[in-house]
Structure formats: structure tokens, C-alpha cells
Amino acid sequence: DARVTQTPRHKVTEMGQEVTMRCQPILGHNTVFWYRQTMMQGLELLAYFRNRAPLDDSGMPKDRFSAEMPDATLATLKIQPSEPRDSAVYFCASGLGIGSYNEQFFGPGTRLTVL
Amino acid sequence: AQSVSQHNHHVILSEAASLELGCNYSYGGTVNLFWYVQYPGQHLQLLLKYFSGDPLVKGIKGFEAEFIKSKFSFNLRKPSVQWSDTAEYFCAVLASGGSYIPTFGRGTSLIVHP
């Protein structure tokens, strides 16, 4: 049963610290998405990769957030420095992105708390 | 750019009641449509999707949705809800031939009382 995995599942850190979240997409999927979910804003798209290339990161605060795909099996989302307003659940999702097989498969999320 | 509107933000039902959650989108071209469910403390999972063909789509757990192109709608229905259906429901739209970035609605929180 192929799944998207994310680590860590929970992270508590202090303001100003660097936070790195990791995602392993489903093998063979060529699209990867990073979302942030909060009560106030709902589900927000932060970044989108296709074949490891970043195609859209307009939803991401550029000054402190960065997203990369060093290889096809790993996507990272980094926050440096972190702020309390970054507290949220961060979801990674992957997909095939073609034809009728274009639904997204979500990971379990990383619940980030910045104190 | 497309947008998705879910009119019901919070819905509270008793078990065995019928459910209909509204979803409207704004995009004039061909679309793929999705409903995702997020159970408390869990990640989003696909309930059903419409790609083409029969506009009445059946998904898992007794859910179905009907694509009405003239109304730009993709409402989710279930004839008899259960306590275990308590969750957040998200409608999403993907414009065919576009960027493959789906647009999600704000979600509808469903609480089913036993």
C-alpha cells in the first residue's frame, strides 16, 4: 500500500530556530505539493514541483521559506527563521499529474508549533 | 484562475439524516472535480472524483456527487450519514490542460450526532 510519508509528525520549536520538514512522495509520482493548513486560512498551497522542478511557489513567504527536491524520493520544506505565525499543519501530497490519474495523495502531515 | 466555493462552513446532522454539501466553481473550461475528506487528526483522502463521462459519480463509503455543468456545481450527497462521517470535507477543482494545480475550497465541517 503505497503512501506519502512525512517526518517529523510533530515539531515544537522556539521562535528563530530553523525547521526542516521532509516528505517522501509515492514512488513514480512526478508531482509534489506542499500545503499549510490552519484554522484561519484553511488549506493553502505553498509550493508545487513537477518532475522535481519548482513550478509554483507563489504561496510561500520567500524570505523565510524554501522548498527543494534534491531527488525524486525526497522533498523538503525549510523555515528559517521560524515565527509563531508559522504554527500549522504542513501537508505534502504527490500525484501522477496526468489524465484521469491526477488526484493527490496526502501525507499524514507535520504539526508544527513555534513558541 | 479558477475558484471554488463551499457554501456550508459547518453542518450538524443526526445519524440517518441525508447530507448534501454544496460546491460551486468558477471556470469556463473543462474541469476535473474532486471531493476529499479529512477525519479528525488525519490527512486528506480522496472520496471521489469526476474526470469525464457519467456526471453522477459514486465514491467510497456511500458518498456520491453530481456534476452539473450548467450550474458549475459538484455537490456531495449521502442518503444516510453515520457518526463516523464526522469530518472536514473539501471540494477541489482542476482545470484540464492547465498547471495541474488544483484549487481547494475552504472546507465544510460536518458533525454527526449519534
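Residues numbered from 1 in each chain as written. Chains lettered and ligands numbered in written order. Predicted model: local features only at pLDDT ≥ 70, side-chain atom pairs only at ≥ 80, totals over all residues. Heavy atoms only, no water.

J.: Would you explain empty space enclosed by the protein in this entry?
T.: In this approach, a probe sized like a water molecule rolls over the atoms, and the result shows the empty space that is left. Under the definition given, this model contains one cavity of 30 Å³ or more. In terms of lining residues, the largest cavity is bounded by Thr31, Phe33, Gly97, Asn102 and Gln104 of chain A together with Leu94 and Tyr100 of chain B. (1 Å grid on protein atoms, 1.4 Å probe; cavity = no way out; pocket = protein on both sides within 12 Å on 5 of 7 lines; lining within 4 Å. Points joined across faces, edges and corners; volume = space filled by probe spheres on them.)

J.: Would you mind showing me how to read the interface of chain B and chain A here?
T.: By a widely used convention, the size of an interface equals the accessible area lost when the partners come together. On the chain A side, the residues contacting the 18 residues of chain B number 24 residues. Of all residues in chain B, Tyr100, Ile101 and Arg106 of chain B bury the most surface against chain A, accounting for 31% of the area lost on that side. Counting across the chain B and chain A interface gives one salt bridge. Residue Lys49 of chain B pairs with Glu103 of chain A through a salt bridge whose shortest N-O separation is 2.8 Å. (Contact = heavy atoms within 4.5 Å. Buried area = accessible area lost by both parts, 1.4 Å probe. Salt bridge = Lys/Arg side-chain N within 4 Å of Asp/Glu carboxyl O.)

J.: Quick question: what am I supposed to make of the layout of surface pockets here?
T.: Considering only enclosed or pocket space, the largest pocket measures out at about 720 Å³ in volume. What lines the largest pocket is a set of 32 residues, and nearest its centre among them are Gln37, Thr38 and Met39 of chain A together with Gln38 and Glu88 of chain B. Sorting the residues of the lining of the largest pocket by element identifies β4 (31-38), β9 (88-95) and β11 (110-114) of chain A together with β10 (87-95) and β12 (108-113) of chain B as the ones contributing at least two each. Take the lining of the largest pocket: its biggest share by element is four residues, from β11 of chain A. By residue class, the composition of the lining of the largest pocket is twelve nonpolar, 16 polar and four charged. Of all the secondary-structure elements, those providing two or more residues to the lining of the second largest pocket are β10 (105-106) of chain A together with β6 (44-50) of chain B. Element by element, the count of residues in the lining of the second largest pocket is highest for β6 of chain B, at three residues. When grouped by side-chain class, the residues that make up the lining of the second largest pocket number ten nonpolar, three polar and three charged. (Helix = DSSP H or I, 4+ residues; strand = E, 2+ residues; numbered from the N terminus. Nonpolar A, V, L, I, M, F, W, Y, C, P; charged D, E, K, R; others polar.)

J.: Looking at this structure, how should I read the state of the cysteines?
T.: What we call a disulfide is simply a covalent bond connecting the sulfur atoms of a pair of cysteines. Following the criterion strictly, the structure yields two disulfides over all chains and no others. Each disulfide pairs two cysteine sulfurs, and for Cys23 of chain A the partner residue is Cys92 of chain A, the sulfurs being separated by 1.9 Å. Handedness here is read from the sign of the S-S torsion; for Cys23 of chain A and Cys92 of chain A, about -60°, the answer is left-handed. Of this pair, Cys23 of chain A sits in strand β3 (residues 19-24) while Cys92 of chain A sits in strand β9; the two residues are 69 residues apart in sequence, bridging distant segments of the chain. Accessibility assignment for this pair places Cys23 of chain A and Cys92 of chain A in one class, buried. One disulfide in the model links Cys23 of chain B with Cys91 of chain B; its S-S distance is 1.9 Å. Between Cys23 of chain B and Cys91 of chain B, the disulfide has an S-S torsion of -65° and is therefore left-handed. Residue Cys23 of chain B is found in the loop between β3 (19-21) and β4 (24-26), and its partner Cys91 of chain B is found in strand β10; the two are separated by 68 residues along the sequence. Classification of Cys23 of chain B by relative accessible area gives buried; the value is 0%. (Disulfide = S-S within 2.5 Å. Buried < 20%, exposed > 50% of the residue type's maximum accessible area, 1.4 Å probe, protein only.)

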